[in-house]
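Report on the structure
In case you want the letters, here they are:
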Number of protein chains: 2
Amino acid sequence: MAKVKIYITPKKGVLDPQGKTVESALHSLGYKKVSGVHIGKYIELDLTTDQPSHPTTKKLIDEMCKKLLANMVIEDYRYEVE
Amino acid sequence: MAKVKIYITPKKGVLDPQGKTVESALHSLGYKKVSGVHIGKYIELDLTTDQPSHPTTKKLIDEMCKKLLANMVIEDYRYEVE
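Quick summary incoming for the structure in this document.

About the criteria used
- Residues numbered from 1 in each chain as written.
- Chains lettered and ligands numbered in written order.
- Predicted model: local features only at pLDDT ≥ 70, side-chain atom pairs only at ≥ 80, totals over all residues.
- Heavy atoms only, no water.
- Helix = DSSP H or I, 4+ residues; strand = E, 2+ residues; numbered from the N terminus.
- Buried < 20%, exposed > 50% of the residue type's maximum accessible area, 1.4 Å probe, protein only.
- Polar contact = N/O pair within 3.5 Å; in protein donor to acceptor, adjacent residues only side chain to side chain.
- Contact = heavy atoms within 4.5 Å.
- Least-squares fit on C-alpha atoms with pLDDT ≥ 70 in both.
- Pairing = 2+ DSSP bridges.
- Axes fitted to C-alpha atoms, helices over the stretch in contact; angles between N-to-C directions.

Turning our eyes to something else, we now look at the side chain of Lys5(B). When you line up the elements, Lys5(B) lands in strand S1 (residues 2–10). Residue classification places Lys5(B) among the buried residues on the basis of a relative accessible area of 14%. Polar contacts involving the side chain of Lys5(B) include one to the side chain of Glu82(B), which spans 3.3 Å. With residues up to four places along the chain from it excluded, the contact list for Lys5(B) reads Arg78(A), Tyr42(B), Ile43(B), Glu44(B), Arg78(B), Tyr79(B), Glu80(B) and Glu82(B).

If you want it as C-alpha cells, here you go:
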C-alpha cells in the first residue's frame, strides 16, 4: 500500500482570484506582511501496490493527475509517494 | 522573506464528499486500486520576516490559519516554513 500526496497549484501567470481574495482578507485582518498568496489543492490517496517506487506506479499517478485531478491548461501538479 | 506552505485537510471522521466523488470518478475511469481519497487545500504565501524560525512567526501563522484559512471545526492544518 502506497500513500500518495498530490499538490495541485495554479500555473505561474494564471490568474488566481481565490489567492488574491485570501490575500486581501489577510491584509484586512492586519496581516500586512503577507504577499504572494496562491491557493491550490492537496489530495491524499492510498494506492494498492507492492512497488511504490516502480515506474509503473509513477505512470499511473501521472495518468490520474492528467485525466482527472489537475486541469493541465491552468494547473501544475507534483506528488510524493510514501 | 519566508515561504510558508500550509496544508489544510478534513479532520478524521468528518465527511469528505469531494474526496468520495473523486474516488468514484477514479474507479469509473478504471483506477480500481485507489482508496481513501481525501481532498484538502494547499496554500503558499510569502511572509516578510527576518526570523523565519522564530516563535513569533509560528504564532502569526497559527493565528492566520485559525482566524481565516482553516475552519477548525472540520479541518486540520499543518505548515512548513522555508
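Having seen the structure, we can now continue with the description.
When chain A is brought onto chain B, the operation consists of a screw motion whose angular component is 180° and whose axial shift is 0.0 Å, with 0.0 Å RMSD remaining. What the superposition gives is, in effect, a two-fold axis relating one chain to the other. Scanning chain A for the C-alpha nearest the rotation axis identifies Lys41(A), at a separation of 2.3 Å.

Residues and elements named next belong to chain B. Within S1, seven of the nine residues are buried, leaving the element largely enclosed by the surrounding structure. Across seven bridges, the pairing between S1 and strand S2 (residues 34–47) is antiparallel. Bridge pairing in S2 places Ile-6 opposite Ile-43. When S1 meets strand S3 (residues 75–81), the two strands line up antiparallel, connected through seven bridges. By the bridge assignment, Thr-9 is partnered in S3 with Asp-76.

Reading across from one edge, S3(A)-S1(A)-S2(A)-S2(B)-S1(B)-S3(B) is the order of the six strands in this open sheet, with antiparallel pairing throughout. Whereas interior strands pair on both sides, the edge strands pair on one side only; in this sheet they are strand S3 (75–81) of chain A together with S3 of chain B. The average angle at which neighbouring strand axes cross in this sheet is 25°, direction not considered. Each of strand S2 (34–47) of chain A together with S2 of chain B touches helix H1 (residues 17–28) of chain A; the most contacted strand, S2(A), lies at about 125° to it. Strands strand S1 (2–10), S2 and S3 of chain A together with S2 of chain B of the sheet are contacted by helix H2 (residues 55–69) of chain A, whose axis makes an angle of about 150° with S3(A).

This is a description of form; function is not addressed.
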